[in-house]
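Commentary on secondary and tertiary structure
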Amino acid sequence: QVQLVESGGGLVQPGGSLMLSCAASGSFFSIDGMGWYRQAPGKQRELVARIARGDTEYYSDSVKGRYTISRDNAKNTVYLHMNSLKPEDTAVYYCNAEVRGSWYSEPKDYWGQGTQVTVSS
């Protein structure tokens, strides 16, 4: 069984910064892509940023230039550095990982429990 545990959410003022972390644990062979999604009240979950195992990064237009995604493969951990935060960034942020149980198996999606980020003065 694979678990993704997130940390680092909280309340921050507009213009402030936060860093989210997500660590994968359990029994698995490797992790392909890792990413962060968010869901605001009344809205659909949306992709915020994603990073491939080879470190190719993707960002949604709404966070490009303000957020940075990174990963530590030795620790099976993905990070999201969020700068210049805006009230519209307020949402529950979810970690996602594509996990392979063995070298020949197809990757399977796993999700963290979510962490609340609130940007407000």
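Look above for the structure.
In what follows, the accompanying structure is described. What you are looking at is a predicted structure, and each value in this text was computed from that prediction instead of being measured. (Residues numbered from 1 in each chain as written. Predicted model: local features only at pLDDT ≥ 70, side-chain atom pairs only at ≥ 80, totals over all residues. Heavy atoms only, no water.)

1. A word on the overall build of the chain
Secondary structure summary: the chain contains 0 helices and 11 strands in total. The order of helices and strands in the chain, counted from the N terminus, is β-β-β-β-β-β-β-β-β-β-β. Computed over C-alpha atoms, the radius of gyration of the chain comes to 14 Å, within 12% of the 14 Å expected from 2.2 N^0.38 for 121 residues, which places it in the range of a compact globule. The dimensions of the chain, computed from C-alpha atoms along their principal axes, are 50 × 25 × 25 Å. For the chain, long-range pairs separated by at least 24 residues make up 55% of all intrachain contacts whose partners lie at least 6 apart in sequence. As displayed, the chain has an accessible area near 6500 Å², and 48% of this comes from carbon and sulfur atoms. A gap of 2 Å separates the mean positions of the 12 positive and 12 negative side-chain charges of the chain. (Helix = DSSP H or I, 4+ residues; strand = E, 2+ residues; numbered from the N terminus. Rg over C-alpha atoms; globule rule 2.2 N^0.38 Å. Contact = heavy atoms within 4.5 Å. Areas by Shrake-Rupley, 256 points an atom, 1.4 Å probe, with all protein chains shown as cover. Lys, Arg positive; Asp, Glu negative; His and termini not counted. Charge placed at Lys NZ, Arg CZ, Asp CG, Glu CD.)

2. Side note on the sheet that holds strand β1 (residues 2-7)
If you walk across this open sheet you meet the 4 strands as β1-β3-β8-β7, and the pairing is antiparallel. Of all strands in the sheet, those with a lone pairing partner are β1 and β7 (67-72), marking the two edges. Direction aside, the axes of adjacent strands within the sheet are offset by 15° on average. Where strand β3 (residues 18-26) and strand β8 (residues 77-82) come together, 6 bridges link them in antiparallel fashion. Residue pairing across strands places Ser-21 opposite Tyr-79, the latter belonging to β8. (Pairing = 2+ DSSP bridges. Axes fitted to C-alpha atoms, helices over the stretch in contact; angles between N-to-C directions.)

3. Some points on the packing of aromatic side chains
In the structure shown here, the tally under the stated rule is 2 aromatic pairs. With centroids separated by 4.9 Å and ring planes inclined at 65°, the aromatic side chains of Tyr-37 and Trp-111 adopt a geometry described as edge-to-face. Of this pair, Tyr-37 sits in strand β4 (residues 30-39) while Trp-111 sits in strand β10 (residues 108-111), and the two are 74 residues apart along the sequence. Ring geometry for Trp-103 versus Tyr-104: centroids 5.5 Å apart, planes at 90°, classification edge-to-face. Positioned over the ring face of Trp-111 is Arg-45, at 4.8 Å from the centre of the ring. (Phe/Tyr/Trp six-rings, centres within 6.5 Å; stacked < 30°, edge-to-face > 60°. Lys NZ or Arg CZ within 6 Å of the ring centre and 35° of its normal.)

4. Observations regarding the state of the cysteines
Throughout the structure, instances matching the rule amount to 1 disulfide. Each sulfur of the disulfide joining Cys-22 and Cys-95 lies 2.1 Å from the other. Measuring the twist about the S-S bond at about -80°, one finds the Cys-22-Cys-95 disulfide to be left-handed. Of the two residues, Cys-22 is situated in strand β3 and Cys-95 in strand β9 (residues 91-100); the sequence distance between them amounts to 73 residues. Judged by relative accessible area, Cys-95 falls into the buried class, the value being 0%. (Disulfide = S-S within 2.5 Å. Buried < 20%, exposed > 50% of the residue type's maximum accessible area, 1.4 Å probe, protein only.)

5. Remarks on the environment of Gly-112
Take Gly-112: it is sitting in the loop between β10 and β11 (115-119). When the C-alpha atoms of Gly-112 and Thr-56 are compared, they prove to be 22 Å apart, with 56 residues separating the residues in sequence. The contacts of Gly-112, once residues within four sequence positions are left out, are Leu-4, Glu-6, Tyr-94 and Cys-95.

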